[in-house]
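# Structural characterization, general
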Number of protein chains: 2
Amino acid sequence: MALTEDRRVRKTKKAMTEALAKLLLTKPLNNIGVREISDMADINRGTFYLHYRDVYDMVDKLQNEIFEKFNDIVDNHEPKKNTEELFPMLVELFNLLSENSELAKVLIGKNGDAAFVDKLKQVIREKCFVNVQKTFGIKNDDEFNYFYHYIVSGCIGIFSAWLNSGMKETPLEMAELTEKLILTGISTLS
Amino acid sequence: MALTEDRRVRKTKKAMTEALAKLLLTKPLNNIGVREISDMADINRGTFYLHYRDVYDMVDKLQNEIFEKFNDIVDNHEPKKNTEELFPMLVELFNLLSENSELAKVLIGKNGDAAFVDKLKQVIREKCFVNVQKTFGIKNDDEFNYFYHYIVSGCIGIFSAWLNSGMKETPLEMAELTEKLILTGISTLS
DNA sequence: TTAGGTGTGTTGATTATTCGGCATAATACA
DNA sequence: TGTATTATGCCGAATAATCAACACACCTAA
C-alpha cells in the first residue's frame, strides 16, 4: 500500500465504492455484477479488474479497510485505569462511520453482513472490555458476559440507526449520548 | 471536437468547470488562479494546461460552448409563419440552462458577463425577432426596437431568477410561463 | 438441439492524468 | 529597496484509465 495513493486511484475507488453501496441498497451482493458497478461508477469495466478480482473480492477488501481503521482507533484508545479514553474513542469511531457512511450503512444495517459486525464486536471485547472488567474488578461470570453483549450490540444499534436516519446529529453529539449510555450501564454492575 | 470525448476528459472538464463556477460565486475572474481551480477540482495543476491556456482561455471556451448550444437551439426553432415553434424552443433553452446551471448562474446573473449576455440577446434578435416582426407586419420603428429590448431582457431576467432561486420549477413550467409573457407582449403590438 | 443475447475475465495498444521538478514572473513583506 | 514566498507555464517519465476485441460460460427462446 503506497503512502499516498495516486489521485486517479482514489477517485475511481471512491466511485466504485459508492456505486456498490448504492446497489447494495437495492439487491443482495450475489445479484450484483461487475458491469453494473462499472456502469454506475462511470468507469470502464476493465478498470474494475485493475483493482479487484471480482465483486466478492471488492467487498472483502473494503470490509478489511474499514475494519483496519476501526481496529486502529480502538487500539489507540485502550482504557488503562479508567474510562477517560472512552469519549475520544467514540468521537473517532463516529467520524470513521460518517466518512464511510454509504458503505457502513449497508454493512452494519439490516441486510448487513453479520460476520463483519461480529468482527467489530470482537475487537471491542478484546481491546476495551477486558480492561474495563479488570479495572472495575468485575468477575468474569455469565452476568458480565451478557452485559458485554448488551452494551456492544447496543452500540452497533446506535451506529446503524444514526447512519440510516441521515446522520442529523454530529459525531460529537452521538459520542456524548453513547458514552452516557455505556457509563450508566457500567455503574449498575460495579 | 471528437464525436465522443474520452471518459476521463469529460470528468476532468466537468470538475474544472464546477470548480470555476464555485469560485466565481466568491470572487471576480481576475482574482482566480489556475492553482485554485485545480485544487478545488481535485486534479493535477498540469492537467489544466492540457485543456486551457490560462483561466481566461477557459472562460472563453466555456462561454463559446454554451453559446454554440444556445445558438443551435435557436437555429432549429426559427419561427416561419407563426409562433408555434416558440414553446419547444423555450423548453430546450431552459433545459440547456439546467444542464449548465452552475456556470450559467454566474455568467448570466448579477456580477455576470454583460458581453456574454449581449451575445445571447443578439442571437434572439437575428434569428427570432426579425421573423416575428415580418410575420406580424410590424414596422421596424423605435417602438418595436424598445419592445425587442424589453422582451429579451425580460427573458434573461427570468433565466437568471430561475437559476438563482434553486430551479424549483421544471423547464416545462418555466417555458409555459415565459411563453405566456412573450405572447401577451406581442399581442399589444400587432 | 441450435442460435442469439448477455455477463465475465483478460489482453494489447493508446491516451489522459499524475507527479516532480524547472525557470520565470508576480506578489508580499521587512 | 531587497528578499522571501508564491503562482505560473511547461516539461519528461511513469502510470492509471480507456477502448475494442477476444474466448468463454450462461441463459432463454425458437
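If you're wondering where the values come from, they're calculated on a predicted model, not measured in any experiment.

### Comments concerning the layout of surface pockets
Computed from the structure, the largest pocket encloses a volume of approximately 1,400 Å³. Forming the boundary of the largest pocket are 38 residues, of which K11 and T12 of chain A together with R8, K11 and T12 of chain B lie nearest the centre. Only helix 1 (7-24) and helix 2 (34-41) of chain A together with helix 1 (7-24), helix 2 (34-41) and helix 3 (45-51) of chain B provide two or more residues apiece to the lining of the largest pocket. Ranked by residue count, the leading element in the lining of the largest pocket is helix 1 of chain A, at eleven residues. Taken together, the residues of the lining of the largest pocket break down into 14 nonpolar, eight polar and 16 charged.

### A look at the side chain of T178 of chain B
Tracing the chain through its elements places T178 of chain B in helix 9 (residues 171-189). Once you skip the residues sitting within four places of it in the chain, T178 of chain B turns out to touch L90, F94, C155 and I158 of chain B.

### Topic: the packing of aromatic side chains
Counted by the stated rule, this structure contains eight aromatic pairs over all chains. An angle of 85 degrees between the planes, with centres 5.3 Å apart, marks the rings of F94 of chain B and W162 of chain B as edge-to-face. Here the residue F94 of chain B occupies a position in helix 5 (residues 86-99), and W162 of chain B occupies one in helix 8 (residues 142-164), the gap between them amounting to 68 residues. Classification of W162 of chain B by relative accessible area gives buried; the value is 2%. Here the aromatic residues F48, Y49 and Y52 of chain A are joined through ring pairs into a cluster of three or more. Lying across the ring of Y148 of chain A, R125 of chain A places its NZ or CZ 4.1 Å from the centre.

### With respect to the domain arrangement of chain A
Residue and element names in this part refer to chain A. According to the domain assignment, chain A contains domain 1 (1-52) and domain 2 (56-187). Relative to domain 2, the C-alpha centre of domain 1 lies at a distance of 27 Å. Taken together, the 13 residues of domain 1 in the interface contact nine residues of domain 2. Buried area between domain 1 and domain 2, both sides added, is near 1,100 Å², and the carbon and sulfur share of it is 82%.

### Re the protein's contact with DNA strand C
As a matter of local geometry, DNA strand C sits amid 18 residues, with R8 and V34 of chain A together with T12, T47 and H51 of chain B nearest to it. In DNA strand C, atoms within 4 Å of the protein come 60% from sugar and phosphate. Within the backbone of N44 of chain B, a nitrogen or oxygen atom sits 2.9 Å from a phosphate oxygen of DNA strand C. Those elements that provide at least two residues to the surface near DNA strand C are helix 1, helix 2 and helix 3 (45-49) of chain A together with helix 1 and helix 3 of chain B. Sort the elements by how many residues they give to the surface near DNA strand C and helix 3 of chain B lands first, with four residues. Of the residues belonging to the surface near DNA strand C, the class tally is five nonpolar, five polar and eight charged.

### Regarding the packing of helix 7 (residues 114-135) of chain A against helix 8 (residues 142-164) of chain A
Residue and element names in this part refer to chain A. In contact at an axis separation of 10 Å, helix 7 and helix 8 are set at 125 degrees when each is read in the N-to-C sense. Taken together, helix 7 and helix 8 sit at an angle that is classed as oblique. Like other packed secondary-structure pairs, helix 7 and helix 8 cross with a definite hand, here right-handed. Residue-level inspection shows V117, K121, Q122, I124, R125, F129 and Q133 of helix 7 in contact with helix 8, the latter providing F144, N145, F147, Y148, H149, I151, V152, S153 and I156. For the contact of helix 7 with helix 8, the residue count by class is nine nonpolar, five polar and two charged.

### Looking at the protein's contact with DNA strand D
Neighbouring DNA strand D are 18 residues; R8, T12, T47 and H51 of chain A together with V34 of chain B lie closest to it. Atoms of DNA strand D within 4 Å of the protein: sugar and phosphate make up 63%, bases the balance. Within the side chain of T47 of chain A, one N or O atom sits 2.4 Å away from a phosphate oxygen of DNA strand D. R35 of chain B is positioned with one of its backbone polar atoms (N or O) 3.0 Å from a phosphate oxygen of DNA strand D. Of all the secondary-structure elements, those providing two or more residues to the surface near DNA strand D are helix 1 and helix 3 of chain A together with helix 1, helix 2 and helix 3 of chain B.

Reading the values: rules and limits
Residues numbered from 1 in each chain as written. Chains lettered and ligands numbered in written order. Predicted model: local features only at pLDDT ≥ 70, side-chain atom pairs only at ≥ 80, totals over all residues. Heavy atoms only, no water. 1 Å grid on protein atoms, 1.4 Å probe; cavity = no way out; pocket = protein on both sides within 12 Å on 5 of 7 lines; lining within 4 Å. Points joined across faces, edges and corners; volume = space filled by probe spheres on them. Helix = DSSP H or I, 4+ residues; strand = E, 2+ residues; numbered from the N terminus. Nonpolar A, V, L, I, M, F, W, Y, C, P; charged D, E, K, R; others polar. Contact = heavy atoms within 4.5 Å. Phe/Tyr/Trp six-rings, centres within 6.5 Å; stacked < 30°, edge-to-face > 60°. Buried < 20%, exposed > 50% of the residue type's maximum accessible area, 1.4 Å probe, protein only. Lys NZ or Arg CZ within 6 Å of the ring centre and 35° of its normal. Domains from an automatic or database assignment. Buried area = accessible area lost by both parts, 1.4 Å probe. Near = heavy atom within 4 Å. Polar contact = N/O pair within 3.5 Å; in protein donor to acceptor, adjacent residues only side chain to side chain. Axes fitted to C-alpha atoms, helices over the stretch in contact; angles between N-to-C directions. Parallel < 35°, antiparallel > 145°, perpendicular 65-115°, else oblique. Left-handed = near helix turned anticlockwise from the far one by under 90°.

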